[in-house]
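Notes for the structure review
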Amino acid sequence: MKLSRSIIAAASLAVFSMTPALLAHAKTPQQLSAKIDGKLFESDDDGITYLIPTKGVLNLIASTKGASAYPPPKTLTDRLSIICRNLDGKPVKYLAKDFSNSGCEVKFIKGESKKPFGEPVAEYIVRDGKNMLEITAVNGKLIEGKFSFELRDTKTKAVLTITEGTFKAEDRQL
């Protein structure tokens, strides 16, 4: 019995001693902010998911600041998703033409439902217009940039503008 406890204690010590090294990789605070129809939208470190480009694809998702907290907020949250193809790990600027030919997709969900498969308050997708995404810096798993988009509601066709967008995100996959 003593041997088993010793092994467990040693294994626990090894895991806990490795934890700071594993966490050291995720020390860059992530942020994303923008004005959505003139109102500030912010996401925090826990609300951003950035997946390193796989076969040249950028995948950046940001939820309302505090949405990942426990307990979760009682209010509905919003989510912005940006997916762009042909990213080769260097700074690049995507312009309106890149959004009209399916090179980049943007979706904004206003008021995500808390029920599985529930309907959001509104769902917007990118439309032809003044769309721009610029990757200003790429440093390993860290990416920075700025953006502005024109989106339309999938049901009502109302236009939603996103301006003054900036982000810093880190791929935190193992």
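What you see is a predicted model, and the numbers here were worked out from it, not measured in a lab.

In this section: the confidence of the model for the protein chain. Summary statistics for the protein chain give a mean pLDDT of 82 and a share of 83% for residues scoring 70 or more. No element of the protein chain has a lower mean pLDDT than helix α1 (residues 2–24), at 39, and none a higher one than strand β1 (residues 31–36), at 97. pLDDT under 50 marks residues 1–25. Its contacts with residues more than four places away, or in other chains, come to 3 contacts.

Let us now look at the environment of K146. Tracing the chain through its elements places K146 in strand β10 (residues 142–153). We classify K146 as partly exposed; its relative accessible area is 39%. Measuring from C-alpha to C-alpha, the distance between K146 and L133 comes to 6.0 Å, with 13 residues separating the pair along the chain. With sequence-adjacent residues up to four places away left out, K146 is seen in contact with M132, L133, E134, T136, G165, T166 and F167.

On to the state of the cysteines, then. Going through the model one piece at a time under the given rule, you end up with 1 disulfide. The partner cysteine of C84 in its disulfide is C104, sulfur to sulfur 2.2 Å. Judged by the sign of its S-S torsion, about 120°, the bond between C84 and C104 is right-handed. One end of the pair, C84, is in strand β5 (residues 79–84); the other, C104, is in strand β7 (residues 104–110), with 20 residues separating them in the sequence. Residue C84 is classed as buried on the basis of its relative accessible area of 0%.

Our focus in this paragraph is the packing of aromatic side chains. Counted according to the given criterion, the structure contains 5 aromatic pairs. Their ring planes at 40° and their centres at 6.4 Å tell us that F108 and Y124 sit as a pair that is tilted. Highlighted residues: F108 in strand β7 and Y124 in strand β8 (residues 122–126), separated in sequence by 16 residues. Summarising the burial analysis for this pair, F108 and Y124 share the class buried.

Cut-off values and rules
- Residues numbered from 1 in each chain as written.
- Predicted model: local features only at pLDDT ≥ 70, side-chain atom pairs only at ≥ 80, totals over all residues.
- Heavy atoms only, no water.
- pLDDT = per-residue confidence, 0-100.
- Helix = DSSP H or I, 4+ residues; strand = E, 2+ residues; numbered from the N terminus.
- Contact = heavy atoms within 4.5 Å.
- Buried < 20%, exposed > 50% of the residue type's maximum accessible area, 1.4 Å probe, protein only.
- Disulfide = S-S within 2.5 Å.
- Phe/Tyr/Trp six-rings, centres within 6.5 Å; stacked < 30°, edge-to-face > 60°.

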